[in-house]
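The residues making up each chain are set out below.
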Amino acid sequence: MTSLDTDLSPAEPPRLVVFWRRYRRNRAALLGLAIFVLVVLMALTAGIVDPDDPLRRAGVPLTPPFTDWSTPLGTDQLGRDVLSGVFYGARISLLIGVVATLVAIAIGVVIGALAGYFGGWVDDVLMRVTEAFQTIPNFVLLLTLVAILGSKIEWITLAIGIVSWTAPARMVRAEFMSLRGREFVDAARNLGVSNTAIIFKEILPNALPPIVVYASVIMALSILLESALAFLALGDPNYASWGNMIGQGRAVLRSAPYCAVIPGIAIVLTVLSFSLLGEGLNDALNPRQKKQ
Amino acid sequence: MTDTPPILQIRDLKIALPKGADRPFALEGLDLTINPGEIVCLVGESGSGKSLCAGAIMRLLPEPHVHVAGGAIRFMGDELLAKTETEMRGIRGEDIAMIFQEPMTALNPQKTVGWQLDEVLRLHTKMNKAERKARAIEMLTRVHIPDPASAYNAYPHQISGGQRQRVMIAQALSLSPKLIIADEPTTALDVTTQLQILKLIRELQEQEGAGVLFITHDFGVVAEIADKVAVLCRGEMVEQGPAKEVLNNPQHAYTRALIGAVPALTPPPVKPVTKAPVVLKGTGLKKTFAARGGLLSGKRKAVTAVKDLTFQLHQGETLGVVGESGSGKTTVSRIVTRLLECDAGKVEMDGKDLLACSPAELRAMRKHIQMVFQDPMASLNPRKRVVDLIAQGPIVHGVDPDKARADARRLLELVELSPAAANRFPHEFSGGQRQRIGIARALALEPKVIVADEPVSALDVSVQAQVLKLLADLRDRLNLSLLFVTHDLRVAAQLCDRIIVMQKGEIVEHGLTAEIFASPQHPYTRNLLSSIPGRDWTPPSFRPDAA
């Protein structure tokens, strides 16, 4: 005899537990998480490692690393401590990464959701605007914006967000186009749910996993963009950022390469951690995409 | 037939499932014999292991996750399990052919019908090009495809679903196989097409003298075609015997339960509902789908889905909308709930035209007319808990969220689900349970009318019976009016007081269910009714204590 239709299957473990189990399966993603935690710790402990201004003169200029223990990673041509620069730089990089990503994702979600949900002329208009942004190379647009707005850290962050929203917008649009035809959306409309609630409460949670994964890519890209700006001496000179350090280290690249190499390694590891993190998130959030 | 050796003999077949599956063996101890010229039906509900049996015979199991763990499969006296992969490749197609459920996915959309028939002959025979083409056309003629020469050059998407299945059958039979395995070959087809295909399989099998292993979940189909029946229940064969025996005098409790769940073709007693007030009235509804042409491609022809449809739904009544795919019945359900804007006509409820409402008025009106969808998985938001899904409607219409959630828990009881279900997500439920959640959600707003669009067609037959019973119970207890869209006349006969028969967007006949079933007037209705599989077989009824 079959069991009755109304018998329940045993309860599943909570979502977070399932999520962590899936994430844990990817070793590289665990490494990414470890590096990310390390960078966050660096940003948090910067004030303890060096309570003073990281831009002050801390020792004899161009002290090589591991020679003077008051400046373990050496000093640059102006005598600034490289170690505290790297620690304080983590703050700026993370800040820019997080805020610029939030800006980019927010613009992208709103534009993509409207275009994908309503379709028709709304979609046509919004997508033409998106394409107009896409025809201008990212970095050129960023340079223009910074030239207009000035190189204060707030404006740089905003500008990075503004040049990065097109890709998430297109992705959200595609997700919405496939989700809006699903029966559960019809079911919500049939209950009398308003369009705004359908977009943000019904469809968006279902469209989130690929967006979250892509956010990690944008974070990595924004950190690189900021570094590139700083390298061209267009960064905010009032903050120690990794890009600024590389930009200034460029002048002494042959005599004291460590001035540029150490912050460079920091950038490489941080960007790497974000992309490994993204891959792990992808495995954990879209388990069906990958074959076991 | 005892003097000829059997074509296929399966002895004590065991198929192992990977660790962590719901049971260790998909099939356990299956014994089956197919003689020449015999059609053996393997019947079971989803998950009973019937398709894996076909995979094991063809040696096409997804190894090593799922593999044969024991037993023997003898084909014409040879042990299939001992064959090498190369030998199997010679047997597949040539000696054992397979017909799949979904002909659209089983045919390559990039190649013409002729090319696909040609390929089989090219791989397995030494015929030259002209002979192969002659043979292919001959096969297309034998499966009764109109104009075989033009079908030979057509692409799969250019011919209808029934014709595609005919092409699949032509392909399977072109090498005169000894054994044909048909895995739910008619499930995706309309009833009238289904009957034609069943007749065709029977006819060709008689001509060729081949054995057929016919896998199905539908006892109507079994009654139509089977010589012998084997019933599977969760991997175990519970009953086997001649079709007449099993269908009319089943021995095992599971078989009895399955057969008892098959809706009988006897309409419900006539209720005096036509005197009750009209709650929903549709007049002159029209809907045309304009096909949007691209910039470079020309405009395509517009498709009329519904033309000039008029109906009335009385209080406490169930009105069935019956028709084959493409008849416009689903379009009707979406127009009435205004999920689809309609071109002309009125849908009146309490004297108010739903189609003329402003968006704000419409949102308020929606609580009076609710919908139960076909696919319970797709119609429940996978990221919401059951209690929130059910309470969503009342909350949108201004009920206090705490009260709405408490009501939702009560509704779960009404649809016979445990209150523990409230905090779970939709994917944790079976199909039938999800449909119960869908019904609870529709009831939460205490609507006057429920529109149900094929609510049971995605469910197994025993679950289907339970859900239908629930719907009928609720309708009587809450005095609901139901607009019930279905393609399945058996289901319509169970539940509907009156039915509308639709063909190509038009009503061809309407009236009391009993009258239409007893004396259909329109030729299309007659054709539909005479195509119900197993219409001459009345499922025996069992007293509850017997089952």
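Computed from a prediction, not measured in an experiment: that's the story for all the values here. (Residues numbered from 1 in each chain as written. Chains lettered and ligands numbered in written order. Predicted model: local features only at pLDDT ≥ 70, side-chain atom pairs only at ≥ 80, totals over all residues. Heavy atoms only, no water.)

1. Digging into the packing of helix α7 (residues 166-179) of chain A against helix α9 (residues 195-231) of chain A
Residue and element names in this part refer to chain A. Relative to each other, α7 and α9 sit at 145 degrees, their axes nearing to 10 Å. Along this stretch, α7 crosses α9, giving a crossing that reads as right-handed. Contact with α7, carried on its side by A167, P168, M171, V172, E175, F176 and L179, involves I199, I203, L204, N206, A207, P210, I211, Y214 and I218 of α9 and no other residues of that element. Class assignment for the residues of the contact of α7 with α9 results in 14 nonpolar, 1 polar and 1 charged. (Axes fitted to C-alpha atoms, helices over the stretch in contact; angles between N-to-C directions. Helix = DSSP H or I, 4+ residues; strand = E, 2+ residues; numbered from the N terminus. Left-handed = near helix turned anticlockwise from the far one by under 90°. Contact = heavy atoms within 4.5 Å. Nonpolar A, V, L, I, M, F, W, Y, C, P; charged D, E, K, R; others polar.)

2. Considerations on the sheet that holds strand β13 (residues 318-322) of chain B
Residues and elements named next belong to chain B. If you walk across this open sheet you meet the 6 strands as β16-β17-β18-β13-β19-β20, and the pairing is mixed. A strand with exactly one partner marks an edge of an open sheet, and here the two such strands are β16 (369-372) and β20 (506-512). Averaged over all adjacent pairs, the angle separating strand axes in this sheet is 15 degrees, with direction ignored. (Pairing = 2+ DSSP bridges.)

3. Looking at the UniProt feature "transmembrane region" (unreviewed entry) in chain A
All names here are of chain A. Within this structure's numbering, the places UniProt gives as "transmembrane region" (unreviewed entry) are residues 28-49, 92-118, 139-167, 211-234 and 255-277. Within residues 211-234, the helical portion is 88% and the strand portion 0%, while the C-alpha atoms at the span's ends are 30 Å from each other. Between the end C-alpha atoms of residues 255-277 there is a gap of 36 Å, over a span that is 87% helix and 0% strand. (UniProt positions renumbered as here; feature names shortened; annotations may be inferred.)

4. So, the pairing of strand β7 (residues 179-183) of chain B
Residue and element names in this part refer to chain B. Taken across its 5 residues, β7 has 5 buried, putting it largely inside the fold. Neither face of β7 is left uncovered, since the one carrying L179, I181 and D183 and the one carrying I180 and A182 both have all their residues buried. The pairing of strand β6 (residues 96-99) with β7 spans 4 bridges and is classified as parallel. Across the sheet, residue I99 finds its bridge partner in β7, namely A182. Bridge count for β7 against strand β8 (residues 211-216) is 5 bridges, and the pairing is parallel. Among the inter-strand pairings, L179 is bridged to a residue of β8, identified as G211. Chirality of the crossover, the property in question, places the unit of β7, helix α8 (residues 191-208) and β8 among those that are right-handed. (Buried < 20%, exposed > 50% of the residue type's maximum accessible area, 1.4 Å probe, protein only. Right-handed = clockwise from strand over helix to strand, strands pointing away.)

5. Section: the side chain of R338(B)
With respect to the element layout, R338(B) can be found in the loop between α12 (329-336) and β14 (344-349). Among the polar contacts listed, one links the side chain of R338(B) to the backbone oxygen of C357(B), at a separation of 3.0 Å. (Polar contact = N/O pair within 3.5 Å; in protein donor to acceptor, adjacent residues only side chain to side chain.)

6. Examining the sheet that holds strand β11 (residues 278-289) of chain B
All names here are of chain B. Taken in spatial order, the 4 strands make up an open sheet running β12-β11-β14-β15, and their pairing is antiparallel. Either end of the sheet is taken by a strand with one partner, and the two such strands are β12 (303-314) and β15 (352-353). Inspection of the sheet shows β11 paired to β12 by 8 bridges, in the antiparallel sense. What sits directly across from K287, in β12, is V306.

7. A look at the UniProt feature "domain: ABC transmembrane type-1" (unreviewed entry) in chain A
UniProt marks residues 90-278 of chain A with the feature "domain: ABC transmembrane type-1" (unreviewed entry), using the numbering shown here. Segment residues 90-278 of chain A splits into 83% helix and 0% strand. End C-alpha atoms: 19 Å apart.

8. Remarks on the interface of chain A and chain B
If you look at the interface, chain A gives 26 residues, while chain B gives 44 residues. Carbon and sulfur atoms make up 49% of the area that chain A and chain B hide from each other, which totals about 3200 Å². Joining chain A to chain B, the criterion identifies 3 salt bridges. Its salt-bridge partner being D186(A), residue R334(B) comes within 2.4 Å of it at the nearest N-O pair. The tally of links from chain A across to chain B stands at 12 residue pairs in polar contact (both at pLDDT 80 or more). Counting residues per element, the side of chain A that touches chain B draws most heavily on helix α8 (residues 183-190) of chain A, which supplies 6 residues. For the side of chain A that touches chain B, the residue count by class is 10 nonpolar, 7 polar and 9 charged. (Buried area = accessible area lost by both parts, 1.4 Å probe. Salt bridge = Lys/Arg side-chain N within 4 Å of Asp/Glu carboxyl O.)

9. Points about the nonpolar core
All names here are of chain B. Judged by nonpolar contacts, the single largest core of 53 residues is most densely connected at L140, I169, F214, F219, V222, I225 and V229. Of the residues forming this core, the biggest block, 6 residues, is contributed by helix α7 (residues 161-173). Setting aside anything within four residues of it in sequence, one finds F219 in contact with V43, L247, L258, I259, V262 and W537. Judged by nonpolar contacts, the second largest core, of 52 residues, contains L411, L412, A421 and L480. (Core = buried A, V, L, I, M, F, W, Y, C linked by side-chain atoms within 4.5 Å.)

10. Regarding the UniProt feature "domain: ABC transporter" (unreviewed entry) in chain B
With numbering aligned to this structure, UniProt lists the feature "domain: ABC transporter" (unreviewed entry) at residues 8-259 and 280-529 of chain B. End C-alpha to end C-alpha, residues 8-259 of chain B measures 27 Å, and it is 40% helix and 25% strand.

11. Quick notes on unusual backbone geometry
Residue and element names in this part refer to chain B. With phi around 45 degrees, S176 is a residue other than glycine that occupies positive phi space. Mapping S176 onto the fold places it in the loop between α7 and β7. Positive phi, normally seen in glycine, also occurs at E454, with a value near 45 degrees. Examined against the element boundaries, E454 turns out to sit in the loop between β17 (449-453) and α17 (461-478).

12. Focus: α7(A)
At 3.6 residues per turn, the α-helix brings residues three or four places apart onto the same side. All names here are of chain A. Here α7 spans 20 Å end to end across 14 residues, near enough to the 20 Å set by a 1.5 Å rise per residue. Turning to α7, its buried residues are T166, P168, A169, V172, R173, F176 and L179. An end-on view of α7 places all buried positions within 155 degrees of arc, on one side of the element. (Expected span 1.5 Å × (residues − 1). Arc of directions from axis to C-beta.)

13. Things to note about the pattern of salt bridges
The full count for this structure, using the stated rule, is 30 salt bridges over all chains. The shortest N-O distance in the salt bridge between R11(B) and D31(B) comes to 3.7 Å. Of the two residues, R11(B) sits in strand β1 (residues 8-16) while D31(B) sits in strand β2 (residues 25-34), which places them 20 residues apart along the sequence. Owing to a relative accessible area of 33%, R11(B) belongs among the partly exposed residues under this scheme. For D31(B), a relative accessible area of 31% corresponds to the partly exposed category. One salt bridge in this structure joins E138(B) and R135(B), with 3.5 Å as the shortest N-O distance. Here E138(B) and its partner R135(B) are both found in helix α5 (residues 129-142), 3 residues apart, which amounts to about one turn of the helix. Residue class for R135(B) comes out buried when judged on its relative accessible area of 15%. Through salt bridges with shared partners, a single network forms among E183(A), D186(A), R189(A) and R334(B).

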